[in-house]
Amino acid sequence: MTAICTRDGELEEFVGHAAGVEVLALDTEFLRERTYYPELCLIQAASAEQLVLIDPLAELDLAPLEPVLAQGPVKVLHACRQDQEVLATRFGRPLAPIFDTQLAAALCGYPPQWSYAKLVQEFAGVELGKGATRTDWSRRPLSAAQLDYAADDVRYLLGAHAALAERLEALGRRSWFDEEMASLAAQPWDVAPDEAWRRVKGHGSLSGEALAALQALAAWRERRAVERNKPRRWIAKDESLLVLAQARPADAAALRALGGVEPFLQQRQGEELLRALEEARGATPPELDLRIPDKAVVARLRQTLNALAAELELDPGVLATRADLNALALDGLSERLSAGWRAEIVAPVLGAKL
């Protein structure tokens, strides 16, 4: 049976051990169906000698763990983006340094979105069970099966890390990996309210005053979701924001008469919605690039990219995305391909086909 850490003394003992190791496997379990910010429910951590499941929902002071997460050993995670967010939200500091096994595997020639189960099967020869996939990690007590499932998420990471680090060095791609990790670490976790409109599904159908209105409405929703720590869709659905942005009602009567908007939104938030719409009137709409790249040029770039990927034994998506190819076709320049290892390896090859 896997043990779970619920006492300060147990955590302090593990922290003392973790501070002296070079690498530490790490994973989290969290929920965010009912909140804006992810709710941390479990931290799984393992060194070569110890594996511990730390319970943030217990009466446990997590402060001693912060130095280990923000400094200390290399943290090894798989597909670390969400784990980074949940831990940065809880501790107020980003994880550092980190090693993402999914990203490392992609640079070694494995599929870009390789699952943890595939990783474990490849490097440990173990087939993981799926029995606790749908667990509500906020419920207590956790069963022995749930604890073992959570423990498996870190049990095999250090072996995969060693194998992938060795392969990256052998391929001469460790510097590529380090650049990718630095880029990932630099990405912001929060969403700027004025940029929240980009997350609204269907925003590309709007322009002019309607797009300016959507920007104001989405910014209002983002701020309200943060204040209340509730999911955006609980504040207002995307469909409602689009209807409001297109109709742009000027008063309460016009708002009440508008179909396609949840009644509770009209009744409870009507004044704030009208205020946001009023502020948007006459505002300069955000820029939305609706240009369509030449299909023949994109096809030529895609063919060249596929050939280069085959030569390097990498998935084409690791080298360049569809957005990169579209940017090259439109402007002859992709910001992502203009720096780092892609500027040396990918950009010259694709640029020659423009």
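As a reminder, the structure under discussion sits directly above these lines.
Attention in this report is confined to the structure presented alongside it. (Residues numbered from 1 in each chain as written. Predicted model: local features only at pLDDT ≥ 70, side-chain atom pairs only at ≥ 80, totals over all residues. Heavy atoms only, no water.)

1. Let's talk about the sheet that holds strand β2 (residues 23–31)
Adjacent strands of a sheet pair through backbone hydrogen bonds, lying either parallel or antiparallel. Pairing is mixed in the open sheet, where 6 strands are placed in the order β1-β4-β3-β2-β5-β6. Two strands in the sheet have a free side with no partner beyond their single neighbour: β1 (4–5) and β6 (98–100). Direction of pairing for β2 relative to strand β3 (residues 39–46): antiparallel, over a ladder of 7 bridges. Pairing of Asp 27 across the sheet is with Gln 44, part of β3. Lying on the sheet, helix α3 (residues 81–91) is in contact with β2, β3, β5 (74–77) and β6; it crosses β2 at an angle near 80 degrees. (Pairing = 2+ DSSP bridges. Helix = DSSP H or I, 4+ residues; strand = E, 2+ residues; numbered from the N terminus. Contact = heavy atoms within 4.5 Å. Axes fitted to C-alpha atoms, helices over the stretch in contact; angles between N-to-C directions.)

2. Observations concerning the nonpolar core
Buried together is how nonpolar side chains tend to be arranged in soluble globular proteins. Within the largest apolar cluster, 68 residues are counted, with the highest numbers of intra-cluster contacts made by Ile 54, Leu 87, Leu 319 and Leu 350. Ignoring sequence-local partners within four residues, the contact set of Leu 350 consists of Leu 301, Thr 304, Leu 305, Ala 320, Leu 325, Leu 328 and Leu 337. By size, the runner-up hydrophobic cluster in this structure holds 30 residues, among which are Trp 197, Leu 214, Trp 220 and Ala 280. (Core = buried A, V, L, I, M, F, W, Y, C linked by side-chain atoms within 4.5 Å. Buried < 20%, exposed > 50% of the residue type's maximum accessible area, 1.4 Å probe, protein only.)

3. Brief notes about helix α6 (residues 144–155)
With 12 residues, α6 should reach 16 Å at 1.5 Å per residue; the first-to-last C-alpha distance of 16 Å fits that figure. Of the residues making up α6, those classed as buried are Gln 146, Leu 147, Ala 150, Ala 151, Asp 152, Asp 153 and Val 154. Residues of α6 that are buried make contact with β1, β2, β3, β4 (51–54), α5 (116–124) and α7 (157–171). (Expected span 1.5 Å × (residues − 1).)

4. Describing the environment of Ala 247
Tracing the sequence through the fold places Ala 247 in helix α11 (residues 238–247). Note: C-alpha distance between Ala 247 and Tyr 110 (137 residues apart in sequence) is 48 Å.

5. Comments concerning empty space enclosed by the protein
Under the criterion given, the structure shown has 1 cavity of 30 Å³ or more. Roughly 30 Å³ of internal volume is contained in the largest cavity. Glu 66, Leu 69, Ala 70, Leu 87, Phe 91, Arg 93, Pro 94 and Leu 95 are the residues that line the largest cavity. Elements with a contribution of two residues or more to the lining of the largest cavity: α2 (66–70) and α3. Examining the composition of the lining of the largest cavity, we find that 3 residues originate from one element, α2, more than from any other. Looking at the lining of the largest cavity residue by residue, the class counts come to 6 nonpolar, no polar and 2 charged. (1 Å grid on protein atoms, 1.4 Å probe; cavity = no way out; pocket = protein on both sides within 12 Å on 5 of 7 lines; lining within 4 Å. Points joined across faces, edges and corners; volume = space filled by probe spheres on them. Nonpolar A, V, L, I, M, F, W, Y, C, P; charged D, E, K, R; others polar.)

6. A look at the environment of Ile 4
Tracing the backbone through its elements, the reader meets Ile 4 in strand β1. The spacing of Ile 4 and Asp 55 is 51 residues in sequence and 6.7 Å in space, taken between C-alpha atoms. Setting aside anything within four residues of it in sequence, one finds Ile 4 in contact with Glu 10, Leu 42, Leu 53, Asp 55, Leu 142 and Leu 147.

7. Digging into the environment of Ala 150
Here Ala 150 is to be found in helix α6. As a C-alpha pair, Ala 150 and Thr 133 span 17 residues in sequence and 9.7 Å in three-dimensional space.

8. Side note on the side chain of Asp 324
With respect to the helices, strands and loops of the structure, Asp 324 is situated in helix α17 (residues 322–331). On the basis of relative accessible area, Asp 324 is assigned to the buried category, the value being 5%. A polar contact of 2.7 Å, which involves the side chain of Asp 324, links it to the side chain of Arg 336. Sequence-distant contacts of Asp 324, that is, excluding residues within four places in its chain, are made with Ser 334, Arg 336 and Leu 337. (Polar contact = N/O pair within 3.5 Å; in protein donor to acceptor, adjacent residues only side chain to side chain.)

9. Section: unusual backbone geometry
For the bond from Ala 96 to Pro 97, the omega torsion is -15 degrees, close enough to zero to count as cis. Summarising the element assignment, Pro 97 is placed in the loop between α3 and β6. Here the residue pair Arg 140 and Pro 141 is connected by a cis peptide bond, since its omega of 5 degrees sits within 30 degrees of zero. Residue placement: Pro 141 occurs in the loop between α5 and α6. At Ala 79, a residue that is not glycine, the phi angle is positive and equals roughly 50 degrees. In this model, Arg 248 sits at a positive phi of 50 degrees, which is unusual for a non-glycine residue. Here Arg 248 falls in the partly exposed class, since its relative accessible area comes to 27%.

10. With respect to the pairing of β2
For β2, the tally of buried residues reaches 8 of 9 residues, placing the bulk of the element in the interior. As paired elements, β2 and β5 share 3 bridges and run parallel to each other. Counted as the bridge partner of Val 23 is Val 74 from β5.

That's the geometry; what it means functionally is another story.
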